[in-house]
2 protein chains.
Amino acid sequence: MNDAVADLERDRTRLGRSSTAERVADILRDRISEGFFTPGQRLSEESISEALGVSRNTLREAFRLLGHERLLEHRLNRGVFVRMLSAEDVADLYRVRRVIEGAAVRRALTPDQLTLIEAALADAERAAERDDWQGVGTANIRFHQALVSLNGSPRLDEAMRQLLAELRLVFAVMRNPRAFHEPFVERNRRLLELLRSGRSEEAAAYLDGYLDEAEKQLTRAYEPNG
Amino acid sequence: MNDAVADLERDRTRLGRSSTAERVADILRDRISEGFFTPGQRLSEESISEALGVSRNTLREAFRLLGHERLLEHRLNRGVFVRMLSAEDVADLYRVRRVIEGAAVRRALTPDQLTLIEAALADAERAAERDDWQGVGTANIRFHQALVSLNGSPRLDEAMRQLLAELRLVFAVMRNPRAFHEPFVERNRRLLELLRSGRSEEAAAYLDGYLDEAEKQLTRAYEPNG
DNA sequence: AACATAAGGATCGTTGAACAACTCGACAAG
DNA sequence: CTTGTCGAGTTGTTCAACGATCCTTATGTT
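Residues numbered from 1 in each chain as written. Chains lettered and ligands numbered in written order. Predicted model: local features only at pLDDT ≥ 70, side-chain atom pairs only at ≥ 80, totals over all residues. Heavy atoms only, no water.

### Re the overall build of chain A
Okay, so step 1: Counting secondary structure elements, chain A contains 11 helices and three strands.
Okay, so step 2: Each helix and strand of chain A, ordered N terminal to C terminal, gives the series α-α-α-β-α-α-β-β-α-α-α-α-α-α.
Okay, so step 3: A globule of 226 residues ought to have a C-alpha radius of gyration of about 17 Å, and chain A, at 19 Å, matches this closely.
Okay, so step 4: The C-alpha extent of chain A, read off along each of the three principal axes, is 60 × 55 × 35 Å.
Okay, so step 5: For chain A, buried positions account for 43% of its 226 residues.
Okay, so step 6: If you take every contact in chain A between residues at least 6 apart in sequence, the share linking residues at least 24 apart comes to 70%. (Helix = DSSP H or I, 4+ residues; strand = E, 2+ residues; numbered from the N terminus. Rg over C-alpha atoms; globule rule 2.2 N^0.38 Å. Buried < 20%, exposed > 50% of the residue type's maximum accessible area, 1.4 Å probe, protein only. Contact = heavy atoms within 4.5 Å.)

Right, dumping it as structure tokens:
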């Protein structure tokens, strides 16, 4: 019995997790990352609270939540807007990725720590065969999330989660997802092999170049019509 | 005219920055880090909103803000509590510090980047001469904050700010601040000299040992009566 | 005595309405 | 073309109310 019960404890976080404000935040978060709400757009308290059938107060709590995740921007007396990232923001996001992901790949790993990463990579490869580039993007994100989890730090995991959510704001305005996501599947494969064979310094160097390239592509595809 | 107006833009952030909820959050944050509210204590919506003269709704917005900073813990239908850190939390905080501060000291620096760090260190040394150990603690925090700023990343700065606020929750329950803070002034001095002479790998190694020691002391002073 | 159950009180969660404060565009005056 | 003024529309904040939930205490059962 004890094992089964212990397993249940993992679900406890999901239990406490059900205030209306949080569920509203979940909905809005999804809508933002799927591009339904586009960066720069203003979110009206009145129309959204009415549409979702919650009070303005509750909606405002949800707005605060997403504001702290940097998905929304709160301008006093003017309302909340879907965050619009500048080129400087993109640069900063990649600065942070280099620090956090770099620390992850430099660690000594046990083989079983790599299974999660392998799984995400396999998903990406399967999605690529299906020409499902949105799916590739999602799986790639999982790949990097799993990479960070090698640090074994809940706080770094959380930071990475937020960072990737912000990055999705940029992906949302990109017009050619294939050109962006496709090449990285292969690179992820190579990175994983370096990790598996324990060549961490090589892996770190490879990751740095990898992130440089991604940042450059993103900035290029982003800035001209920013 | 254009130059003078351009200068003003820097003040724009200060303009939007004053909703009641945020000011309430500022007050509560101060109260928590000064130990007026102690970890584990429940913060009643009714009594606090009454005491501060704001409505429950506004206070709840402030609670949400501090919850996201991990200073408060929100339990559904039970209220908010001042966060109580476990030994595992302390370990995680130091895990993150190793990653973020480690990345900072490994960078190549220009001498003028060190002036902020030097200033914080000088403050700590002066406070130590005055036997002002609270002051030493504050200056030490500024030292590490300045260290992280070498990364040049606003997001990492912000993450470090939050992390140190969490750590203050632990400092607040410590009974002998001198024993904890005093030895680190000297270590900070040594670390700065290593940085100044450009020996970054040596500095990184020194920092690692430094953080190990701090974590150990903190865990020891903390766990027995946790 | 140990345990399960039920009732009651306190507090939180959420709502709806109200009004003040503020933004922004339009239009008039200089 | 710039500066004042006005008004519509939106956000900021408060208040009162009620249902939902938790905690404690009292009650009853085995």
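Right, picking up where we left off after that structure.
### A closer look at the relation of the copies chain A and chain B
Okay, so step 1: Least-squares fitting of chain A to chain B yields an RMSD of 0.1 Å, with the superposition described by an axial translation of 0.1 Å and a rotation of 180°. The superposition of one copy onto the other is thereby described by a two-fold rotation axis.
Okay, so step 2: By residue overlap, the copies meet face to face through one surface: 100% of the interface positions of chain A are interface positions in chain B. (Least-squares fit on C-alpha atoms with pLDDT ≥ 70 in both.)

### Digging into the layout of surface pockets
Okay, so step 1: A volume near 530 Å³ is recorded for the second largest pocket.
Okay, so step 2: Contributing to the lining of the second largest pocket are 17 residues, with A:Val99, A:Ala103, A:Arg106, B:Ala103 and B:Arg106 lying nearest its centre.
Okay, so step 3: Secondary-structure elements contributing two or more residues to the lining of the second largest pocket are helix H6 (87-105) of chain A together with helix H6 (87-105) and helix H11 (200-222) of chain B.
Okay, so step 4: By residue class, the composition of the lining of the second largest pocket is five nonpolar, two polar and 10 charged. (1 Å grid on protein atoms, 1.4 Å probe; cavity = no way out; pocket = protein on both sides within 12 Å on 5 of 7 lines; lining within 4 Å. Points joined across faces, edges and corners; volume = space filled by probe spheres on them. Nonpolar A, V, L, I, M, F, W, Y, C, P; charged D, E, K, R; others polar.)

### Some thoughts on the interface of chain A and chain B
Accessible area lost during the coming together of the parts is what is often quoted as the interface size.
Okay, so step 1: Counting from both sides, the interface comprises 32 residues of chain A and, opposite them, 33 residues of chain B.
Okay, so step 2: Interface area, chain A with chain B, both sides summed: about 2,700 Å², of which 53% is carbon and sulfur.
Okay, so step 3: Across the chain A-chain B interface, the total number found is 11 salt bridges.
Okay, so step 4: B:Arg155 is the salt-bridge partner of A:Glu166, the closest N and O atoms lying 2.7 Å from each other.
Okay, so step 5: The tally of links between chain A and chain B comes to 14 residue pairs in polar contact (both at pLDDT 80 or more).
Okay, so step 6: Taken together, the elements giving at least two residues each to the side of chain A that touches chain B come down to helix H5 (56-68), H6 and helix H9 (154-172) of chain A.
Okay, so step 7: Counting residues per element, the side of chain A that touches chain B draws most heavily on H6(A), which supplies eight residues.
Okay, so step 8: Of the residues belonging to the side of chain A that touches chain B, the class tally is 11 nonpolar, eight polar and 13 charged. (Buried area = accessible area lost by both parts, 1.4 Å probe. Salt bridge = Lys/Arg side-chain N within 4 Å of Asp/Glu carboxyl O. Polar contact = N/O pair within 3.5 Å; in protein donor to acceptor, adjacent residues only side chain to side chain.)

### Concerning the pairing of strand E3 (residues 79-82) of chain A
Residues and elements named next belong to chain A.
Okay, so step 1: Bridge count between strand E1 (residues 42-43) and E3: two bridges; the pairing is antiparallel. Within E3, the residue paired with Leu 43 across the bridge is Val 80.
Okay, so step 2: When strand E2 (residues 72-75) meets E3, the two strands line up antiparallel, connected through four bridges. Its bridge partner being in E3, Glu 73 is matched across the sheet by Phe 81.
Okay, so step 3: Hairpin remark: E2 followed by E3, antiparallel, with three residues in the connecting loop; positive phi at Asn 77, about 65°. (Pairing = 2+ DSSP bridges.)

### Describing the domain arrangement of chain A
Residues and elements named next belong to chain A.
Okay, so step 1: Partitioning chain A into structural domains gives domain 1 (2-82) and domain 2 (87-222).
Okay, so step 2: Put simply, the middle of domain 1 and the middle of domain 2, counted by C-alpha atoms, are 26 Å apart.
Okay, so step 3: Residue-level contacts link eight residues of domain 1 with seven residues of domain 2.
Okay, so step 4: Summing the contributions of domain 1 and of domain 2, the shared interface buries around 720 Å²; its carbon and sulfur component is 64%.
Okay, so step 5: Here domain 1 and domain 2 share one salt bridge between them.
Okay, so step 6: Of the charged contacts in the structure, one is a salt bridge between Glu 166 and Arg 70, with a shortest N-O distance of 3.5 Å.
Okay, so step 7: For the pair domain 1 and domain 2, the interface holds zero residue pairs in polar contact (both at pLDDT 80 or more).
Okay, so step 8: Each residue belonging to the side of domain 1 that touches domain 2 can be placed in one class, and the counts come to four nonpolar, two polar and two charged. (Domains from an automatic or database assignment.)

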